[in-house]
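Chain and residue survey
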Amino acid sequence: MSPRRLRPWSSRPRFAAIRDAVRRTRRRRRHRLLKPLTPPAAGSGSKATETNGATCGQRECAPNMGQELGLEVLPEDIIHRIHSIMPVQDAARAACVSRRFVHSWRSYSSLILSDRTLGLDDTDFEERKTHLIDKVDKILKNHYGNGVKVKTLKLELGLCSDIKASYLDRWLRIIKSGIQEFSLVLPLVMNKIYNFPCSVLSDEAAASSIQSLSLFGCAFHPTSILGRLRRLKSLHLCHVHITEDGLGHLLSKSSALERLVIDACSGKICLKIPCTMQQLKFLAVKLCKMVRVVEIDAPQLGSFHYGGTPVIYVRNSSQLKNVDISPVCLSGILSYARFSLPSIAQNVESLTLRGRSENANTPMLPSKLPRLKNLEIALLKPHLSPNYDAFSLVSFLDASPALESFILRVEQDAMMHDPVVGDDTEYRRQNLECRNNSLRKVMITGFCSAKSLVELTVHILERTHSLERFTLDITYGYDRRTCNIAKFPTARMIGQCWSLSKRALEEAHRAVETADRYIKGRVPSSVQFEVLGPCPRCHIGK
């Protein structure tokens, strides 16, 4: 049968034409092709590679595969481009049935190796570990032995708790000149923690080409022999043991770094971001319990996410626009933010705070956050009895004259629920005379019948003349669902609301009653007001 003619290249994008051809061929030959195959050895002959591991049916159809896909007429660079964006498993299978892809496989430069990408998801756990190590070892041996320059190497070995360091050392030899992205994921619990060798990046050619480095579950102790990471833009260290001196050496060689994430790392007490980090725009320090002080002197830093003990010094905050703080102890963060943020983040435009076990009142101060436009505060369930005074959050609103959006998230059981009693005058607290003329959107999720929460709502409605939309979400996280069932009633994948206990459902109904009785009548006609009660699909009838 003659190959199916494709539309002229001049009338459509070349890649789209190949994509459609591949889809058509896959549908026709799904029952005969693409069964699990062993990736061909890079140094073997083309004929042996083409049929290695294939069944008779696959060998029969392989000679015509290139013709049916229209591959023979494509330039070599297009073939390499198509092959490079395939997952590793599909790339190896394609090389088993096509001469053109065999040649491309020998220079396949994007290796993302895990049990999922190598098709080991459905095997037994112990068998999966053995096969994963074996397959990774074969693939990297072939590439290293044939001098292939790998641009992307991701080793996701979270299953292999007993992997030997000698294997890892051998695999890392493939990191040479031309490597752009490297990621290593190891188990959190290993027989012996792996020490990532600094010598891998001591070669100037390899060090100067890498752009993204991610390490998980190992130790890393850079020294002065580390090469200059001239092009490194993204660095992510998670569950990595690294000392202050080691991190200092690493940062001193990474002057082009734009994104730095340090997550749950140990070995250091003081984290210093030097002034040499002229390009750093994003910094995240999370769950580093040993870190007590963070000193930042990065003039271009625009986003700072911090989860730790809140002792922060920022020398140059002119570009700092986005701040997210949730300390490990989660105690006193609102008071800390109210006291310290005006001095370290005068230009902040977006602020997210998460607090637990706060004092009943957040103090009022004359200092301001003059450019703050978006504020999100989460009140988490305290370890002891709830004692939040939600009305005290008015101090944040009055300290932010440019505020446009305010989101308050109240976690379940974070506040003491009050019975719905008395007239509406009991829910008006005469405390502040300030008004906000910029606030347009307000959302409170986890709204309940707590008196201070009702007082806060009433205050915002009566003193914010610029308000356009006010949403009370009685449940938790409704606004963060995957999609809205009202808009996509036939969608297969619809986000689920957070589950609610029977007691929580009863409180949700009391909250709806509170909103109807004390709040709804105070809403100006110009404000779009909405109360999101229990979800009819996720909560009713349970």
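Residues numbered from 1 in each chain as written. Predicted model: local features only at pLDDT ≥ 70, side-chain atom pairs only at ≥ 80, totals over all residues. Heavy atoms only, no water.

Across its full length, the chain holds 14 helices and 20 strands. Across the 542 residues that make up the chain, the buried fraction comes to 51%. (Helix = DSSP H or I, 4+ residues; strand = E, 2+ residues; numbered from the N terminus. Buried < 20%, exposed > 50% of the residue type's maximum accessible area, 1.4 Å probe, protein only.)

Here strand β2 (residues 152–156) pairs with strand β3 (residues 181–185) via five bridges, running parallel. Paired with Lys154 across the bridge in β3 is Ser183. What joins β2 to β3 is helix α8 (residues 165–171), and the crossover it makes is right-handed. Relative to strand β5 (residues 212–216), β3 runs parallel, the two sharing five bridges. Following the sheet pairing, Val185 is matched in β5 by Phe216. (Pairing = 2+ DSSP bridges. Right-handed = clockwise from strand over helix to strand, strands pointing away.)

Moving on: the environment of Ile407. Within the secondary structure, Ile407 sits in strand β17 (residues 405–410). Each C-alpha atom of the pair Ile407 and Ala378 lies 8.4 Å from the other, and the pair is 29 residues apart in sequence. Apart from the residues lying within four places of it in its own chain, the contact partners of Ile407 are Leu375, Glu376, Ile377 and Met443. (Contact = heavy atoms within 4.5 Å.)

The next subject is the state of the cysteines. Should the sulfur atoms of two cysteines be covalently bonded, the bond is a disulfide. Within the structure shown, the criterion is met by zero disulfides. Cys265 forms no disulfide, and the closest cysteine sulfur to it belongs to Cys288, at a distance of 5.1 Å. (Disulfide = S-S within 2.5 Å.)

The subject of this paragraph is the nonpolar core. In terms of nonpolar packing, the biggest core is built from 134 residues, with Phe196 and Leu453 touching the most fellow members. The element contributing the most residues to this core is helix α13 (residues 451–463), with six residues. (Core = buried A, V, L, I, M, F, W, Y, C linked by side-chain atoms within 4.5 Å.)

A word on the side chain of Thr464. Tracing the sequence through the fold places Thr464 in the loop between α13 and β19 (469–473). On the basis of relative accessibility, which here comes to 7%, the residue Thr464 falls in the buried class. A polar side-chain atom of Thr464 sits 2.8 Å from the main-chain carbonyl oxygen of Ile460. When sequence neighbours within four positions are dropped, the list of residues in contact with Thr464 reads Asn436 and Leu439. (Polar contact = N/O pair within 3.5 Å; in protein donor to acceptor, adjacent residues only side chain to side chain.)

The sheet built from three strands is open, its strands ordered β9-β11-β13 with parallel pairing. In this open sheet, the two edge strands, each paired with only one partner strand, are β9 (270–273) and β13 (312–314). Strand-to-strand twist of the sheet, defined as the mean angle between neighbouring strand axes without regard to direction, takes the value 5°. Where strand β11 (residues 293–296) meets β13, three bridges bridge the pair, whose relative direction is parallel. Bridge pairing in β13 links Glu295 to Tyr313. (Axes fitted to C-alpha atoms, helices over the stretch in contact; angles between N-to-C directions.)

Moving on, we come to the packing of α13 against helix α14 (residues 502–519). The interhelical angle for the contact between α13 and α14, taken along N-to-C directions, is 40°, at an axis separation of 11 Å. As judged from the angle between their axes, α13 and α14 are oblique. The chirality of how α13 crosses α14 is right-handed. Across the interface between the two elements, Val454, Thr457, Val458 and Leu461 of α13 pack against Thr514, Tyr518 and Ile519 of α14. Each residue belonging to the contact of α13 with α14 can be placed in one class, and the counts come to five nonpolar, two polar and no charged. (Parallel < 35°, antiparallel > 145°, perpendicular 65-115°, else oblique. Left-handed = near helix turned anticlockwise from the far one by under 90°. Nonpolar A, V, L, I, M, F, W, Y, C, P; charged D, E, K, R; others polar.)

Our focus in this paragraph is the pattern of salt bridges. A full pass over the atoms with the stated rule returns 15 salt bridges. A salt bridge links Glu126 to Lys129; the shortest N-O distance between them is 3.4 Å. A residue pair is termed a helical-turn pair when its members lie 3 or 4 positions apart in one helix, as Glu126 and Lys129 do in helix α7 (residues 125–145) at three residues. Connected via shared salt-bridge partners are Asp137, Lys141 and Arg170. (Salt bridge = Lys/Arg side-chain N within 4 Å of Asp/Glu carboxyl O.)

Right, let's get into the packing of aromatic side chains. For the structure shown, the criterion picks out five aromatic pairs. Summarising the aromatic geometry, the rings of Tyr167 and Trp171 are spaced 5.9 Å apart at their centres and angled 70° between planes, so their arrangement reads as edge-to-face. With a gap of four residues between them, Tyr167 and Trp171 both fall in helix α8, about one helical turn apart. Residue classification places Trp171 among the buried residues on the basis of a relative accessible area of 2%. With a centroid separation of 5.3 Å and 90° between ring planes, the pair formed by Phe196 and Phe220 is classed as edge-to-face. With Phe196 in strand β4 (residues 195–196) and Phe220 in strand β6 (residues 219–220), this residue pair connects regions lying 24 residues apart in the sequence. For the pair shown, Phe196 and Phe220 are each scored as buried. Seen from the ring of Tyr167, Arg170 lies directly overhead, with NZ or CZ sitting 4.8 Å from the centre. (Phe/Tyr/Trp six-rings, centres within 6.5 Å; stacked < 30°, edge-to-face > 60°. Lys NZ or Arg CZ within 6 Å of the ring centre and 35° of its normal.)

Remember that side chains alternate between the two faces of the sheet whenever the strand is regular. Two elements, strand β1 (residues 110–113) and β2, share four bridges in a ladder whose sense is parallel. Considered in β2, the bridge of Leu111 is made with Leu153.

In this section: helix α10 (residues 244–252). All of the buried residues along α10 are Gly246, Leu247, Leu250 and Leu251. The buried residues of α10 occupy an angular sector of 130° when projected down its axis, which confines them to one face. For α10, the secondary structure elements touched by its buried residues are β6, β7 (234–238), β8 (259–263) and β9. (Arc of directions from axis to C-beta.)

For the rest of this paragraph, the subject is helix α4 (residues 76–84). Restricting attention to buried positions, one finds in α4 the residues Ile78, Ile79, Ile82 and His83. Seen end-on, α4 carries its buried residues on one side only, within an arc spanning 130°.

Glancing now at unusual backbone geometry. The backbone of His239 shows a phi angle near 50°, a positive value even though the residue is not glycine. Assessed through its relative accessible area of 34%, His239 is described here as partly exposed. Of note, Ala264 is a non-glycine position whose phi angle comes to about 55°, a positive value. Of the residues examined, Ala264 reaches a relative accessible area of 19% and is grouped as buried.

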